[in-house]
Amino acid sequence: MRFTLCLTAALILTTLFGERVIAQDGETVTVITHKPPPPTAMQQVDNAFKHAVEVMEAVLFYRLATTERQYIVYERGEQYVRKHQTGANSAPFRRLGAGSDDELTPADVELLAAKNRLVPGDVIDGEQRLYRLGQLSEADSTLVDYVTVKIPHEDPAIPYGSKYVQDDSTGGWRRVTAKRGLLSDSDVLSEEQIKSLGEGGWLQTSATPTEKSKPYIHTEKDPKSGIPVVVAWLSCGAVFFTLYMGFFNIWGFRHAIDVVRGKYDNPDDEGEVSHFQALASALSATIGLGNIAGVTIAMTLGGPGAFFWMLLCGLFGMTSKFVECTLGQKYRHVKPDGTILGGPMRYLSAGLKEMNLGLFGSFLSIVFAVMCILASFGGGNMFQANQSGGAVVQMFQGADIQRLSNLNTQIATAAENDDTALMQSLQTERRELSDRLTRSENIIKPMFGIVLACLVAVVIIGGIKRIGAAAGKVVPTMCLMYVAACLWIIGTHIAEVPALVSMIFADCFSGQAMGGGLLGVLVVGVQRAAFSNEAGVGSAAIAHSAAKTDEPIREGCVALLGPFIDTIVVCSMTALVILITGAWDNNEWVVDQGLAGAALTSKAFESEISWFPYILSIAIVLFAYSTIISWSYYGEKAWESLFGPRSTPLYKLLAVIAVFVGTIVNLGSVLDFSDMMILGMAFPNIAGVIFLAPQVKRDLAAYWTRYKAGEFRTFK
Amino acid sequence: MKRDNILVPVDFSEQSLNAIREANELSGDTGKVRLLHVLPPLESISPGVVWGDVSDSTREQHVRDYAKTFLAENKLVGVDFDVEIGPPGHVIADYAIKCDADLIVISSHGYHGVKRMLLGSVAETVIRHAHCAVLVLRRTDAE
């Protein structure tokens, strides 16, 4: 029997390719190795960064205290091959390991694809194909086209590709659902069922099985367990500073409001801006996509409980901001022309030098500056440009994208009913529509990129101060509009709020929405809040050091309002809208349409205020623009501290290029890399600030004594 | 040869103080020495410009005030002080023509490596573009 199989396989392959093929073991016949087409130049750039991202991820997001879990994947398919065709797509595919009568014409393949019965194909020569490229054996390098047809299990509850995780509490294997990776209550397989599936060859085999006899059992780190290093670092820092300063974020709040209202503004103090202006400047760098997209991600991943942890992160982050901005102000350098160079680059080197830790301080300062420059190119410029470009494309194409999604549903229905004629006409329509969408996207994105890069260039290179000033001043207005829209939505659903509040408190410790566990929901909430308010990252200290004052503590007080406004006010608004509209748990939006981040926020608003998505798109672009301007300033200061003030034109040029590149590329790894740099800045920053914190504590005590004694002159 | 009109570009560092002293010796009269500080162009994205009221004229005023204290502290009275904005090398050479200087005394920072590559040398540009003689003082503790 085995011999015949081998012979048949060899025969088929010989007839297929007209060459001798070394037949493999009879049982498995031939396994096709997937040979994806060579990467394009863009992908090569992306791949180069991918490695760096993996390294950074392994460090920054290394999860402490993770647990492992076992899982299986149901995956049974039949493969059909043909000799690789360049350009044409006419030859039929023959099934591997069976009689030559079993074949699929390209039309059959298309029908199967429409029914969602095919494993997705490769992009070959710039075109999305239904098939993939592969190689029959190591010895034979001839390329073949192949398709994998999914074979459904007789039990329709087990679709192709479904993953089952061993659940110790119930003893069975439970299916991982599309929504938040929750384990299904109804789709449970017993140990015996798994065994029979595995032995029947229905399960994907693991390359590194733990048990030789059960090669179909995979082991992975439980994605919801453990806490990423950087999140632990930021939260420990925030909690430490808050305890060490004796909850100054609470008892200093009142004074902070007084200061920001201008009560103590002495126009003769050294510095560039008033307390309020420094706060507005720092906020324009943090308020943006983090508040609109990031929070939505937290809510869809972590559910209502994550909201509680987000608030807590904002509350404790206030003290981190206080400490770092006090230091920024204290060790700032006032240049002869009255402008300021301050921030972590300064206090890490100068502050630690005073403590005889000069070498350590210089090291931290350089690491910080390098990360800050890269963060400004990436998270500050490219990422913002990319996301706002996406928002603009969506604004122009929204209706067509909806039509495309409707067409997909219609095609699937037609395929189910085997209505080939209808299906083909629909597919032509879809092809035309998607071609048109791609064409217009290829025009809109570069156009937007040029406009945005020019607007950035005239401000940062051309020195046109009006535009920068206007953009800066639009942010608070947009912010108020956004909050007002959120309050309107919350107001119309006010009856649901009490239930929601109780759900938030019930969920924050149980993590019910995430399938249980306190740590998972905590990490989700804290991570997104930290991304948004940047407390502990050190960036805001650069802006706050420009304030006119001779009391560093006073500017620190102002800075602590940053996380309050960013996280406790603005992020909360988004979070409540996402929770109240039920968008976080909406199957149609989250699972079927795959909406996430800003797109989901927009959908949630649309369901309440139909025209709001347009305002939201404009807000996103304006927020992105002001973030780019503010972050370019941070990057420039970091550059200046490394290379001197006369070399900043080079930095500015690079920053403008980054903006343009950000809009046209879709390089996931490049964007991830640069975005991660922002969080990476927290390592050198907090490490140094811990050493300098005792100074701040002493200064605070002295300041407060004088404040209580009424020694400060007031001006308002 | 006595010089009557010496231009000394200053950045308020220890090196520029040396240059001023050298110029004083060469001319024998502080009245024949002119100091020039060149400011980099205004940073249009700094909080002070976007939100506050920092402008070229406020910066110039600050530098003049700063120079007054700096000169008084170093007991340099009677020297002329001026401020210009732009790329330092060219601005200094142009200013020398404008004020008809017969000598420029400039200190070199002696940068090496990346800083040298990015910053270039102001002294070098001045030598290349100046219409008059240039005396470059070497910095002894060069980086």
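Just so it is clear, the structure is predicted and the values come from calculations on it, not from any experiment.

All chains considered together, the criterion is met by 27 salt bridges over all chains. With its nearest N and O atoms 2.9 Å apart, the salt bridge here joins Arg64 of chain B to Asp82 of chain B. Separated by 18 residues along the polypeptide, Arg64 of chain B in helix α3 (residues 56–73) and Asp82 of chain B in strand β3 (residues 80–85) bring together distant segments of the chain. For Arg64 of chain B, a relative accessible area of 28% puts it in the partly exposed group. For the salt bridge of Arg128 of chain B with Glu124 of chain B, the shortest nitrogen-to-oxygen distance reads 3.2 Å. You can see Arg128 of chain B and its partner Glu124 of chain B sitting in helix α6 (residues 122–129), 4 residues apart, about one turn around the helix. Residue Arg128 of chain B is classed as exposed on the basis of its relative accessible area of 61%. Owing to a relative accessible area of 35%, Glu124 of chain B belongs among the partly exposed residues under this scheme. A single salt-bridge network, built from bridges that share partners, covers Arg69, Lys163, Glu220 and Asp222 of chain A.

Another aspect to go through is the domain arrangement of chain A. Residue and element names in this part refer to chain A. What the domain assignment reports for chain A is domain 1 (2–40 + 70–221) and domain 2 (227–420 + 446–708). Computed from C-alpha atoms alone, the centre-to-centre distance between domain 1 and domain 2 is 44 Å. Buried surface at the junction of domain 1 and domain 2, both sides included, amounts to about 900 Å², of which 57% is carbon and sulfur. On the domain 1 side of the interface with domain 2, the three residues burying the most area are Lys115, Lys179 and Arg180, jointly 63% of the side's total. Counting the contacts that link domain 1 with domain 2 gives 0 salt bridges. Tallied by class, the residues present in the side of domain 1 that touches domain 2 amount to 4 nonpolar, no polar and 3 charged.

Let us look at the sheet that holds β3 of chain B. Residue and element names in this part refer to chain B. Taken in spatial order, the 5 strands line up as β3-β2-β1-β4-β5 in an open sheet, and their pairing is parallel. Unpaired on one side and paired on the other, β3 and β5 (133–137) mark the two borders of the sheet. Adjacent strand axes in the sheet meet at a mean angle of 25° when their direction is disregarded. Note: strand β1 (residues 6–9) against strand β4 (residues 103–107), 2 bridges, orientation parallel. Residue pairing in the sheet places Ile6 in a bridge with Leu103 of β4. Contacts between helix α1 (residues 14–27) and the sheet are confined to β1, β2 (33–39), β4 and β5, with β4 contributing the most and set at about 150° to the helix. Those strands touched by helix α4 (residues 88–98) are β1, β2, β3 and β4, and its axis lies near 145° from that of β2.

Located in the positive-phi region is Glu534 of chain A, a residue other than glycine, with phi close to 55°. With respect to the helices and strands, Glu534 of chain A occurs in the loop between α16 (518–533) and α17 (539–544). On the basis of relative accessible area, Glu534 of chain A is assigned to the buried category, the value being 5%. A positive phi angle is found at Asp100 of chain B, which is not glycine, with a value near 55°. Relative to the helices and strands, Asp100 of chain B resides in the loop between α4 and β4. You can call Asp100 of chain B exposed: its relative accessible area is 57%.

Moving on, we come to the interface of chain A and chain B. Every contact between the two is made by 35 residues of chain A and, on the other side, 27 residues of chain B. Carbon and sulfur atoms make up 67% of the area that chain A and chain B hide from each other, which totals about 2,700 Å². Of all residues in chain A, the largest losses of buried area upon contact with chain B belong to Pro336, Asp337 and Arg646 of chain A, amounting jointly to 27% of the total for that side. Run the count over chain A and chain B and you get 2 salt bridges. Across the salt bridge formed by Arg59 of chain B and Asp337 of chain A, the nearest N and O atoms sit 2.9 Å from each other. In this assembly, chain A and chain B are joined by 6 residue pairs in polar contact (both at pLDDT 80 or more). For the side of chain A that touches chain B, the secondary-structure elements that each account for two or more residues are α8 (275–286), α13 (420–460), α14 (465–492) and α22 (612–643) of chain A. Residue contributions to the side of chain A that touches chain B peak at 9 residues, all from α22 of chain A. Here the residues of the side of chain A that touches chain B are counted per class, giving 16 nonpolar, 10 polar and 9 charged.

What counts and how
Residues numbered from 1 in each chain as written. Chains lettered and ligands numbered in written order. Predicted model: local features only at pLDDT ≥ 70, side-chain atom pairs only at ≥ 80, totals over all residues. Heavy atoms only, no water. Salt bridge = Lys/Arg side-chain N within 4 Å of Asp/Glu carboxyl O. Helix = DSSP H or I, 4+ residues; strand = E, 2+ residues; numbered from the N terminus. Buried < 20%, exposed > 50% of the residue type's maximum accessible area, 1.4 Å probe, protein only. Domains from an automatic or database assignment. Buried area = accessible area lost by both parts, 1.4 Å probe. Nonpolar A, V, L, I, M, F, W, Y, C, P; charged D, E, K, R; others polar. Pairing = 2+ DSSP bridges. Axes fitted to C-alpha atoms, helices over the stretch in contact; angles between N-to-C directions. Contact = heavy atoms within 4.5 Å. Polar contact = N/O pair within 3.5 Å; in protein donor to acceptor, adjacent residues only side chain to side chain.

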